[in-house]
Protein chains: 2
Amino acid sequence: MTESAPRHSTTTPEPPAHDRVYRGLRQQVMHGELTPGQALTLRGIGRQFGVSMTPAREALRRLTAEGALSLSASGRVTTPELSNDRIEELAQIRALLEPELASRALRRAHLALIDRMEIINEANARAIHRQDPVDYIRTNLEFHRTLYLRAQSPAMLGLLETVWLQLGPTMRALYTRLRRTTAPPHHRQILEALRAGDDAALRLALRSDVTQGLRHLQG
Amino acid sequence: MTESAPRHSTTTPEPPAHDRVYRGLRQQVMHGELTPGQALTLRGIGRQFGVSMTPAREALRRLTAEGALSLSASGRVTTPELSNDRIEELAQIRALLEPELASRALRRAHLALIDRMEIINEANARAIHRQDPVDYIRTNLEFHRTLYLRAQSPAMLGLLETVWLQLGPTMRALYTRLRRTTAPPHHRQILEALRAGDDAALRLALRSDVTQGLRHLQG
DNA sequence: CATGCTCAAGCGTGATCACAAATTCCGCAT
DNA sequence: ATGCGGAATTTGTGATCACGCTTGAGCATG
């Protein structure tokens, strides 16, 4: 199980195993590659990443601390199955944080950024047309994160990412179920408000975008 | 190192060691019992709680995931030394979340709750008079949390608690430095707004209370 | 056909160890 | 006094193991 790849000593110092496992699992959860209620075992994770139980345990502990995974009373770890109330609340948190982050990014959003968002949005539209839920979620989050990175508010973005993480498996289940075929209507409004430098319109567009996506569940 | 206490089998099932360690450290951090930059070692924590490195490692991993502790490049763990920018940002997050939580709690805040907050506030005033920073922080957070619990928004309260956690050691350093002798002036306004059922006044009082406490640093 | 029971397989937990990297400390030279 | 270099100590990391509990499949019982 030892790493046999020779290193040039000047390359990157190779991150610890528990961090590799953490990042791998985190991406799987956030992008909706796992369905709600899916069980994860220490030995299984260890096998999947070629490590022992120890780094697997640390990665799972870290992810459960962020709310990405939920812990049963007996210590077993699964992807969370969120109640409707919990989904609603997480959406409201998004609706609180994301307009704020967008507003903070507005003054720093130059044209190159908006162009980049446009490109990501096109990739998002392709993912929808291809009916690919994982790539849809991935590009959608990338669209938002690209904007929020300009807000220069790392703590707030960090909080928001844990919210995204908690919603990952649910979003997957949701978008697979309703098989949307039309692009998110509010992304265009977001881009237009950015170009116009219109703070109020930007906040409204984000609130709508965030709310709409998750409100479909409450049927 | 085995647990020798006999159990009646019908008592509480005794939480795992890593959880005991986590809770102990979390309280120390949140209540400002640790100063910023303080180093924590696996073997040291293990010794302090009478366990091996393994549960200590899990507790530290969990706390760093919540931002309560910071991790150096070499894997060493310390309490965070926050930059002024970071403190400012965390205060702004509090100013965003806490008025929202208070507003949600408003309709459910009956008289018994307000009385309980009044009692906590008196304990808070005594802690100030006694110049006891740990008890000041503890009662201050308890005052706020008592209110927010009524908001029935566990996810939002959870996020807020991680923010409090990140500010713990800094608040300790702050309040020790400026040795305040006067009670937080906005707590009375909060209680009055609650009694009057005045949402706008409540939100304003909370924003002021949160902002004022941490703005003193920017000197 | 439904319900409760048994037990073996699989699980998380915590202790211990070897190892490599980092840090600390002490003595020497400046 | 002050800076530097190398050894000694301390540190996090990851593998492994034993232990006790949970769990679910299969079978017997109602």
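In this text, all values refer to a predicted model and were calculated from it rather than measured experimentally. Counting restarts for each chain: residues are numbered from 1 in the order of the written sequence. Note on labels: chains are lettered from A, ligands numbered from 1, in written order. Local features in a predicted model are, by the rule used here, given only for residues with pLDDT of at least 70; side-chain atom pairs are given and counted only at 80 or more, and totals for whole chains, interfaces and linings are based on all residues. Hydrogens and water molecules were not included; the side-chain quantities draw on all heavy atoms of the structure.

Trainee: Account for the interface of chain B and chain A, naming residues and giving values.
Mentor: A contact between two residues is defined here by any heavy atoms of the two lying within 4.5 Å. Contact with chain B, which involves 24 residues of that partner, is made by 24 residues of chain A. Accessible area that two parts lose when put together, with a 1.4 Å probe and added across both, is what the buried area reports. Between chain B and chain A the total buried area reaches about 2,200 Å² when both faces are included, carbon and sulfur atoms providing 65% of it. Per-residue buried area on chain B facing chain A is highest for Arg61, Leu96 and Leu159 of chain B; these three make up 26% of the total on that side. For this analysis, a salt bridge means a side-chain nitrogen from Lys or Arg found within 4 Å of a carboxyl oxygen belonging to Asp or Glu. For the pair chain B and chain A, the number of links is four salt bridges.

Trainee: Explain the relation of the copies chain B and chain A to me, using residue names and the numbers behind them.
Mentor: What connects the two chain copies is a rotation about an axis and a shift along it. Least squares is used to superpose the copies, and the fit set is the C-alpha atoms of residues whose pLDDT is at least 70 in both copies. Structural alignment of chain B on chain A gives an RMSD of 0.0 Å, achieved by rotating through 180° and translating 0.0 Å along the axis. The two molecules are tied by a two-fold rotation axis, judged by turn and shift. It is Arg62 of chain B whose C-alpha, among those of chain B, lies nearest the rotation axis, at 2.6 Å. Both copies share a contact surface, since 100% of the interface residues of chain B are interface residues in chain A too.

Trainee: Now, about the domain arrangement of chain A: what can you tell me, with residues and values included?
Mentor: Residues and elements named next belong to chain A. Here the domain parsing of chain A yields domain 1 (17-78) and domain 2 (84-215). For domain 1 versus domain 2, the separation of C-alpha centres amounts to 25 Å. Facing the 12 residues of domain 1 at the interface are 14 residues of domain 2. Summed over both partners, the interface of domain 1 with domain 2 buries about 1,200 Å², with 67% contributed by carbon and sulfur atoms. If you look at where domain 1 meets domain 2, you find one salt bridge. Glu161 serves as the salt-bridge partner of Arg26, at 2.6 Å between the closest nitrogen and oxygen. Amino acids outside the nonpolar list (Ala, Val, Leu, Ile, Met, Phe, Trp, Tyr, Cys, Pro) and the charged list (Asp, Glu, Lys, Arg) are all regarded as polar, and Gly is one of them. Looking at the side of domain 1 that touches domain 2 residue by residue, the classes come out as five nonpolar, four polar and three charged. Marked domain ranges trace back to an automatic or database domain assignment.

Trainee: Got a sec to walk through the nonpolar core? Specific residues and values, please.
Mentor: One finds Leu147 of chain A together with Leu147 of chain B to be the most contacted residues of the largest nonpolar core, which totals 114 residues. Setting aside residues up to four positions removed in sequence, Leu147 of chain B forms contacts with Ala102, Ala105, Leu113, Met117, Ile190, Leu194 and Leu206 of chain B. In plain words, nonpolar cores are sets of buried Ala, Val, Leu, Ile, Met, Phe, Trp, Tyr and Cys residues tied together by side-chain atoms within 4.5 Å. Think of it in three bands: with a 1.4 Å probe and only protein chains considered, a residue is buried below 20% of the maximum accessible area for its type, exposed above 50%, and partly exposed in between.

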